[in-house]
Amino acid sequence: MHSRFARWCLTLGLVAAWGAAGVAAGADWQRRASMPVGNGGFVAAVLDGKIVIAGGTTWQGETKRWLDEIWAYDPEVDCWRSAGRLPTALAYPAFGYEGGSLWWSGGSAGGAALPGLWRLGPGLRPELVASGAGGRVYAAGGVAAGRLWVVGGTDDQAALDRVTAGFRAIELNRGAVTELPPFPDASLTTAAAVALGERLFVFGGARWDPEAKTVVNHAAVHVFDGAARRWRKLPSLPHPGRGLAAVALDERRILIAGGYRNDAVEFVADAFVFAVERETFAPAPPLPYAAM
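So, a few notes on the structure that sits alongside this text. (Residues numbered from 1 in each chain as written. Predicted model: local features only at pLDDT ≥ 70, side-chain atom pairs only at ≥ 80, totals over all residues. Heavy atoms only, no water.)

**What about the nonpolar core?**
Residues Val151, Phe167, Phe183, Leu200, Val202 and Trp231 are the most contacted members of the largest nonpolar core, which totals 17 residues. Residues Val43, Ile70, Ala83 and Trp104 belong to the second largest nonpolar core, which totals 16 residues. (Core = buried A, V, L, I, M, F, W, Y, C linked by side-chain atoms within 4.5 Å. Buried < 20%, exposed > 50% of the residue type's maximum accessible area, 1.4 Å probe, protein only.)

Following this line, the structure appears as C-alpha cells:
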C-alpha cells in the first residue's frame, strides 16, 4: 500500500521543531507539490539541495509495479522533475548517505535480491561501485565511517521464511564485505535504522514466526557499537511496528514515524523523537496521513 497524497513539510523545520522538552508550540505540516507517482520502498537523500528519490514500487489496480525512475524535488520552486532512470527496477534495499552521495546495496526488482553496491551522486547518474556486494532485500541499513551497514533481510522478496539475522559492513571505496555479530533476535525484516558515527540504531521491524508461518511485528530497539563490536538493547518503541521511517535530526535526536502496526490497526501516522543520550521517546507531530 502506497500513499497517493501530496508531499508535506514541517513549517518550522524538523530540527527547529523539537527542543529538549519535546515539541515546539506551533509545529505543523504544510502541503507541497505531489510526488509524481504513489511510491514506497524507494531510496532517498538530499543531493545538492534537492530531495532525490529513486526506484520504489507502486500499485496499478491490483498489480504491483516495480519502478526504475529517478525524481528530484526542488523545495525553492516546489516542483518535482524527472531526473533519469536506474539500470533496473529497485525497491527495498539497504541504503544511506555519505560524502554527498546516496549509497545502496541489495533490494529487488520483484524477485531475487539484487547484487552490487551502488552510488548516486549530485549528477544523478547511477554508478556500480562493486558487483559482488549485497544481495538482501527488506534489510535495514545506514552509512557511517565509509561503510554501509546491512542488517537482516532475505535473499528474495517473496521468501520471508528465509529472513536472516545476519549483519555485515560493506566498504564504500571497494565493496569489501565484513561479517559482523548478528542481530540479537532470530531474524529481522523491514526495520528502520539510523547510523550515527560508529553506532547503528535499529527500530522495530518484524521477525519470521515458523509456527504461524508469518511475520510478527515487534517494538524492540537495539544499537550496535562499532568500536566495541557488540549489540545493546535499548528501551522499546511505544508500540510494535514494521516499515517505519527513521531519520537523524542531529547527533542527539532521531525521528521515527509511520509504519504498519498490525493487521487490526494497519498503517499509522504516529511519530516520536528518540533522545539518543537519554534513550527516551517523546511524541512528535503525527504524519499528515498513515503510511509505511
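**A look at the side chain of His218**
Structurally, His218 can be placed in the loop between β22 (214–217) and β23 (221–225). The buried category is assigned to His218, whose relative accessible area is 11%. Polar contacts involving the side chain of His218 include one to the main-chain amide nitrogen of Ala220, which spans 3.2 Å. Apart from the residues lying within four places of it in its own chain, the contact partners of His218 are Asp185, Leu188, Gly204, Gly205, Ala206, Arg207, Pro240 and Gly241. (Helix = DSSP H or I, 4+ residues; strand = E, 2+ residues; numbered from the N terminus. Polar contact = N/O pair within 3.5 Å; in protein donor to acceptor, adjacent residues only side chain to side chain. Contact = heavy atoms within 4.5 Å.)

**Regarding the sheet that holds strand β19 (residues 192–196)**
Judged by pairing direction, the sheet is antiparallel, and its four strands sit side by side in the order β19-β20-β23-β24 without closing on themselves. Only two strands of the sheet have a single partner each, and these edge strands are β19 and β24 (230–234). Taking each pair of neighbouring strands and ignoring which way they run, the sheet shows an average axis angle of 20 degrees. Alignment of strand β20 (residues 199–203) against β23, held across five bridges, turns out to be antiparallel. Directly across from Val202, in β23, lies its bridge partner His222. (Pairing = 2+ DSSP bridges. Axes fitted to C-alpha atoms, helices over the stretch in contact; angles between N-to-C directions.)

**A few points about the sheet that holds strand β25 (residues 245–248)**
Here we have four strands laid out as an open sheet, ordered β25-β26-β27-β28, and antiparallel in their pairing. Two strands bound the open sheet, and with one partner strand each, they are β25 and β28 (280–283). On average, each strand axis in the sheet is tilted by 25 degrees relative to the strand beside it, whichever way the strands run. Bridging between strand β26 (residues 253–257) and strand β27 (residues 271–275) involves five bridges; their strand directions are antiparallel. In the sheet register, Arg253 faces β27, and the bridge partner there is Ala275.

**Brief notes about the pattern of salt bridges**
Applying the stated rule across the entire model yields twelve salt bridges. With a shortest N-O distance of 3.0 Å, Glu69 and Arg65 are connected by a salt bridge. The exposure class assigned to Glu69 is buried, which follows from its relative accessible area of 11%. Classification of Arg65 as partly exposed rests on a relative accessible area of 32%. Notably, a salt bridge pairs Glu279 with Arg232, separated by 2.7 Å at the nearest N-O pair. On the criterion of sequence distance, the pair formed by Glu279 in the loop between β27 and β28 and Arg232 in strand β24 is long-range, its members being 47 residues apart. Of the residues examined, Glu279 reaches a relative accessible area of 23% and is grouped as partly exposed. What makes Arg232 partly exposed here is its relative accessible area of 36%. Taken together, the shared-partner salt bridges connect Arg65, Asp68, Glu69 and Arg85 into one network. (Salt bridge = Lys/Arg side-chain N within 4 Å of Asp/Glu carboxyl O.)

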